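# Understanding the architecture of this molecule
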Amino acid sequence: LGFAEKELDTNVYNNEFKYAAENDEFYSCNFPIGDAPSDVIDSHGKTQNPQSTGGLVFLGMFALIDPPRPAVPGAVKRCQTAGIKVIMVTGDHPVTAQAIAFKCGILWSKTRGDMIKDNIKFGRTFGSADYENPDYAEAIVVPGSELSPDMKEGDWDFILNHRQVVFARTSPQQKLIIVENCQRLGHIVAVTGDGVNDSPAIKKADIGIAMVSGSEVSKQAADMILLDDDFGSIVNGVEEGRLIFDNLKKSNAYTIQSNIPEITPFLAFIIFAIPLPLTTFLILAIDLGTDMIPAISMASEQPEADIMQRRPRTKSDRLVTPAMIQFSYGYIGMIQALAGFFTYMVVMNDYGYKPQILFNRGNSDAYGHQPFFCKFSGGHYVNLAGDINEGLNPSIDPPTREYPFWFEGYDGKVVDCGYAYNDFLSDGSPTLLFDFRNSETYTTETNGKHTATIESYEAMEQNHYFEYIPWRGRTSSYWDDSMLFHNTNDVNKGGNLAQNTNTYFRGRAAGLWSLCEQTSDPSCENQFCGDRGSAIVRGVEVPAAALNADPSRFSTKHAQTAMTSNLYDNALYCNGQGSETLSASCASVNQYDLENDIAYPNNRFQTFYCMGVTDSCGQLTDEPETLKFCDSDGNVCGAFNDKAVDCSYMCEGYCYWPGSNAVNPNTSQVSSFTQFKTETPGSSAKYQQCVNIGSQEAANEALRHAQGAFFVSIVIGQIAGLLVCKTRWLSIKSQGMQNKFMLFGIGTEVMLVLFLCYCEPLNVGLGTRNLRLVHFFPAIPFAILIVCFDEARKALMRMTSREGVDPISGQKVRGKGWIERNFGY
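Residues numbered from 1 in each chain as written. Predicted model: local features only at pLDDT ≥ 70, side-chain atom pairs only at ≥ 80, totals over all residues. Heavy atoms only, no water.

Attention now moves to the overall build of the protein chain. Check the secondary structure of the protein chain and you find 23 helices and 23 strands. Looking at the protein chain as a whole, 50% of its 825 residues qualify as buried. In the protein chain, once contacts between residues fewer than 6 apart in sequence are set aside, the share between residues at least 24 apart is 67%. Of the roughly 38500 Å² that the protein chain leaves accessible, carbon and sulfur atoms contribute 56%. (Helix = DSSP H or I, 4+ residues; strand = E, 2+ residues; numbered from the N terminus. Buried < 20%, exposed > 50% of the residue type's maximum accessible area, 1.4 Å probe, protein only. Contact = heavy atoms within 4.5 Å. Areas by Shrake-Rupley, 256 points an atom, 1.4 Å probe, with all protein chains shown as cover.)

Next up on the list: the packing of aromatic side chains. Under the counting rule described, the total for this entry stands at 31 aromatic pairs. Considering the side-chain rings of Phe-126 and Tyr-131, the 5.6 Å spacing of their centres and the 80 degrees angle between planes classify their relative orientation as edge-to-face. Exposure remark for Phe-126: the relative accessible area of 68% places this residue in the exposed category. Ring geometry for Phe-405 versus Trp-479: centroids 5.1 Å apart, planes at 70 degrees, classification edge-to-face. Residue Phe-405 is located in strand β12 (residues 405-407), and its partner Trp-479 is located in the loop between α14 (471-474) and β15 (486-487); the two are separated by 74 residues in the primary sequence. Put simply, the rings of Tyr-353, Tyr-367, Phe-372, Phe-376, Tyr-381, Trp-406, Tyr-419 and Tyr-468 touch in pairs and so form one group of aromatic residues. (Phe/Tyr/Trp six-rings, centres within 6.5 Å; stacked < 30°, edge-to-face > 60°.)

Moving on to the pattern of salt bridges. Applying the stated criterion across every chain, the model contains 20 salt bridges. Put simply, Lys-110 and Asp-118 hold a salt bridge, and the shortest N to O gap is 2.4 Å. For Asp-130, the salt bridge is made with Arg-124, and the minimal N-O distance between the two is 3.7 Å. Each of Lys-110, Asp-118, Arg-124, Asp-130 and Glu-132 takes part in a single network of salt bridges with overlapping partners. (Salt bridge = Lys/Arg side-chain N within 4 Å of Asp/Glu carboxyl O.)

Time to look at the nonpolar core. In terms of nonpolar packing, the biggest core is built from 105 residues, with Tyr-344, Tyr-353, Trp-479 and Phe-711 touching the most fellow members. A per-element tally of this core places helix α18 (residues 694-724) first, with 15 residues. When neighbours within four sequence positions are excluded, Phe-711 is seen to be in contact with Leu-278, Leu-282, Ala-285, Ile-286, Thr-290, Val-753 and Leu-756. Grouped together as the second largest cluster of nonpolar side chains are 26 residues, Ala-97, Ile-100, Ala-139 and Leu-226 included. (Core = buried A, V, L, I, M, F, W, Y, C linked by side-chain atoms within 4.5 Å.)

This part is about the sheet that holds β12. If you trace the three strands from one edge of the open sheet to the other, you get β11-β10-β12, paired in antiparallel fashion. Sheet topology places β11 (388-389) and β12 at the edges, where each strand pairs with a single neighbour. Inspection of the sheet shows strand β10 (residues 380-382) paired to β12 by three bridges, in the antiparallel sense. Considered in β12, the bridge of Tyr-381 is made with Trp-406. (Pairing = 2+ DSSP bridges.)

Glancing now at a nonpolar patch on the surface. Taken together, the side chains of Leu-1, Phe-3, Val-57, Leu-59, Phe-62 and Leu-64 make up a nonpolar region of the molecular surface, amounting to roughly 660 Å² of accessible area. Structurally, the position occupied by Leu-64 is in the loop between β2 (57-61) and α1 (71-81). When its relative accessible area of 67% is taken as the criterion, Leu-64 is described as exposed. (Patch = residues over 30% accessible without salt bridge, like charges linked within 9 Å, V, L, I, M, F, W, Y side chains within 5 Å.)

Here we come to the confidence of the model for the protein chain. Scored by pLDDT, the protein chain has a mean of 83; 87% of the residues are at 70 or more. Under a pLDDT of 50 for its full length, residues 517-566 has, in the predicted model, 125 contacts with residues more than four places off or in other chains. (pLDDT = per-residue confidence, 0-100.)

Scanning the entire structure with this criterion turns up five disulfides. Across the disulfide from Cys-610 sits Cys-655; the S-S distance is 1.7 Å. Its S-S torsion of approximately -95 degrees makes the covalent link between Cys-610 and Cys-655 left-handed. Here the residue Cys-610 occupies a position in strand β18 (residues 608-610), and Cys-655 occupies one in the loop between β20 (636-639) and α17 (673-678), the gap between them amounting to 45 residues. Grouping residues by exposure puts Cys-610 and Cys-655 together as buried. The disulfide partner of Cys-630 is Cys-651, and the gap between their sulfur atoms is 1.8 Å. On the sign convention where negative means left-handed, the S-S torsion of about 120 degrees between Cys-630 and Cys-651 marks this disulfide as right-handed. Of this pair, Cys-630 sits in strand β19 (residues 628-630) while Cys-651 sits in the loop between β20 and α17; the two residues are 21 residues apart in sequence, bridging distant segments of the chain. Comparing Cys-630 with Cys-651 shows no difference in burial state: the two are buried. (Disulfide = S-S within 2.5 Å.)

All of the buried residues along α1 are Val-72, Ala-75, Val-76, Cys-79, Gln-80 and Thr-81. Among the residues trailing α1, Gly-83 stands out with phi positive, at a value near 80 degrees.

With that settled, consider the packing of α18 against helix α20 (residues 740-758). For the pair α18 and α20, interaxial distance at closest approach is 11 Å and the crossing angle is 175 degrees. Here α20 runs roughly antiparallel to α18, going by the angle between their axes. For the pair formed by α18 and α20, the contact residues are Phe-711, Val-712, Val-715, Gln-718, Ile-719, Leu-722 and Leu-723 on the first element and Met-742, Ile-746, Glu-749, Val-750, Val-753, Leu-756 and Cys-757 on the second. Counted by class, the contact of α18 with α20 contains 12 nonpolar, one polar and one charged residues. (Axes fitted to C-alpha atoms, helices over the stretch in contact; angles between N-to-C directions. Parallel < 35°, antiparallel > 145°, perpendicular 65-115°, else oblique. Nonpolar A, V, L, I, M, F, W, Y, C, P; charged D, E, K, R; others polar.)

Our focus in this paragraph is the sheet that holds strand β14 (residues 466-467). What the three strands build is an open sheet, ordered β13-β9-β14; its pairing is antiparallel. In this open sheet, the two edge strands, each paired with only one partner strand, are β13 (413-418) and β14. Judged from the five bridges that link them, strand β9 (residues 373-377) and β13 form a sheet pairing that is antiparallel. Each bridged residue has a counterpart across the sheet, and for Lys-375 the counterpart in β13 is Asp-416.

Moving on: the packing of helix α10 (residues 280-290) against α20. Remark: α10 packs on α20, axes separated minimally by 11 Å, with the N-to-C direction vectors making an angle of 145 degrees. The way α10 lies across α20 gives a crossing that is right-handed. Across the interface between the two elements, Ala-285, Gly-289 and Thr-290 from α10 touch Glu-749, Leu-752, Val-753 and Leu-756 from α20. Of the residues assigned to the contact of α10 with α20, the class counts are four nonpolar, two polar and one charged. (Left-handed = near helix turned anticlockwise from the far one by under 90°.)

Relative to the assigned elements, Asn-181 resides in helix α5 (residues 172-184). Every residue in contact with Asn-181, bar those within four places of it in the chain, is listed here: Trp-156 and Leu-160.

All right, on to the side chain of Asn-664 then. Looking at where Asn-664 falls in the secondary structure, it is placed in the loop between β20 and α17. On the basis of relative accessibility, which here comes to 2%, the residue Asn-664 falls in the buried class. Within the structure, Asn-664 has its side chain in polar contact with the backbone nitrogen of Asn-666 (distance 2.9 Å). If sequence neighbours within four positions are ignored, Asn-664 has contacts with Gly-612, Val-613, Asp-615, Met-650 and Gln-669. (Polar contact = N/O pair within 3.5 Å; in protein donor to acceptor, adjacent residues only side chain to side chain.)

Pairing analysis gives three bridges linking β19 to β20, with the strands arranged antiparallel. Within β20, the position partnered with Lys-628 by the bridge is Ala-639. What sits between β19 and β20 in their antiparallel hairpin is a turn of five residues, with Gly-634 showing a positive phi close to 90 degrees.

For the bond from Glu-760 to Pro-761, the omega torsion is 0 degrees, close enough to zero to count as cis. Note on placement: Pro-761 falls in the loop between α20 and α21 (762-766). Positive phi values are uncommon outside glycine, yet Ala-273 reaches one of about 55 degrees. What makes Ala-273 buried here is its relative accessible area of 17%. With a phi angle near 65 degrees, Ser-668 is a residue other than glycine that sits in the positive phi range.

Put into structure tokens, the structure is as follows:
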């Protein structure tokens, strides 16, 4: 603003003087204002008033400016490097707007208008060497006078396709039209302003931003309000939005990785019929336990170094994309699944169940509920102490009670395995008085479940498939000697014992059914007659019928689906009990020696009755004659046939069957045959009913350990997956491990795994077990592979994607290479 003065003559310019800007004769003032003398006559025929030409005295000049805030140029620069185009729309004069735009960094090169002026000023013509073509200008300043509602789209495209754009002297309607045309070109438009004139454009924009100090109308039209009135806060919001989107993508990519290692165990169970590698509870433990905090911790991840140097994402970019599915499912998830299956196979092998014998053996009605029968090539049978029985050839001889374990030695191997054929079925339900410990409460009803018989067991042995209890299981932490002589009163073990009848009848019952009728009926001679009449339980002696029967009718070593076939619907059950008169058919001469009043159970598959030092079950010797006897001090002093008068006491750990006549040193009870005959079945008798569940329990425990190890392998793979999801483009080395919440999540993940594996008895109830330390290691190489694979993937993307930096805006411009197009998410 310029200031000048002139002292007027008071005699002329007094209180009666009439000041006028113009009159009918003159177009200028009737008082001095410093006009230069002029002879110009206007269109109305008026001339200049001579009185207005009086000179003035210059006093000085005062300048005003509304400068941009100090943070604005930096914020504009960050927008440009982030690929955000900043357009200035103002009501100021074009010259003022252009000057402010240069100061803010919105303009940085010569404008179209300046090129036209310079060409005119210096006489440049089109085609001359120094001619500046305005059509190639990157900057343009458009006054509102050049904008009209009927402008063609092509004219708008020409203006808005300039990299640097300033609109000056614009009206509220023109601001609205500018926003609409930017949106027409596919841009996401954010508009900021503080006045009433800005309200239509703010309302129309995709993101309307008002200043807290602005008008109420603008704030009501806005989607958000800047509480600090700082343009830089908008840029911070853009960065935060990109960070949130990035972290959500990373969290999603991490979370869905576990779907593959969780679903593939069930697919393998269905397709290959292997024992289920992962239970539904452990899947829930992953999804609701180990995954929760690490997935949430992605929200605290710091931005990658280039987050504000990327181009804005397109409208078609989604949180979950096909590329992410390919990354999480096709790459990371598959590696985690391979780690799980490898660990599962390693653990099963370590406990004696090699991978090749697991296929088609995972039937949920059989595995862990029925004995495993295997064909051996070489190897040895071993007792509890680890002594080898050199007299038995596992290729052709079955194991014995004292030597139940198979040890591969140097050249032994398991050729094939299977289950005894479930060849007996009756649809009815047991009576309400049913007690699985008491054979007298059994009928021929099995609740509609197929179950095995003594004949199907013997048919397996005739085909040289013998009950399999691996020595590796005996040397494992889960082994308990009582598995070989389990007390049926103990319902905490035994798999299917004392559970509901559906579970009970589908597995190995406490005793066994028999289909072979031993009568003089010619039609039943040397064949199985369970489907024609009542049958009698036999002992270990195998009749001609079992020898001559077609083994395929009793074995499922090749066709597990045959276990659901129905061959016989009538049989007789016995679990080793006798009665007072021994008139029950299950007390046949093959089971008891009536002449000598002993009830030694010859049949290895039947339950047997014991007295023991601690009123519990004990080890049953292979022959009655080898039963050990002790003196009153507990020292072994003889056997059943050669015991002396002072050598008649029970030894610790042995089964004293009815008729062994051993004295319990603690209670003075005698294991007599007479007492056994007079006991009421199912009562609190001195004799305990015992059964060998070693094969079922060894298989079941091995599977529990393998399932726990599969669970651990997924968690180890998830930790690796969490690390690779920290970045989408840069190396994890450049990102670092500064996310403390993520470190806490990894720590809680590890602690939860250890808690579920080692907290007893919780782990037993949840289906996990105390894992060996070495079983944590099989998954680690796969975790390293995940990290190395992803680092290589990102490195190849950075190498093959052409990347440059705009020297003016600083924006990174990247052309996606083949690796990024096909492997990036």
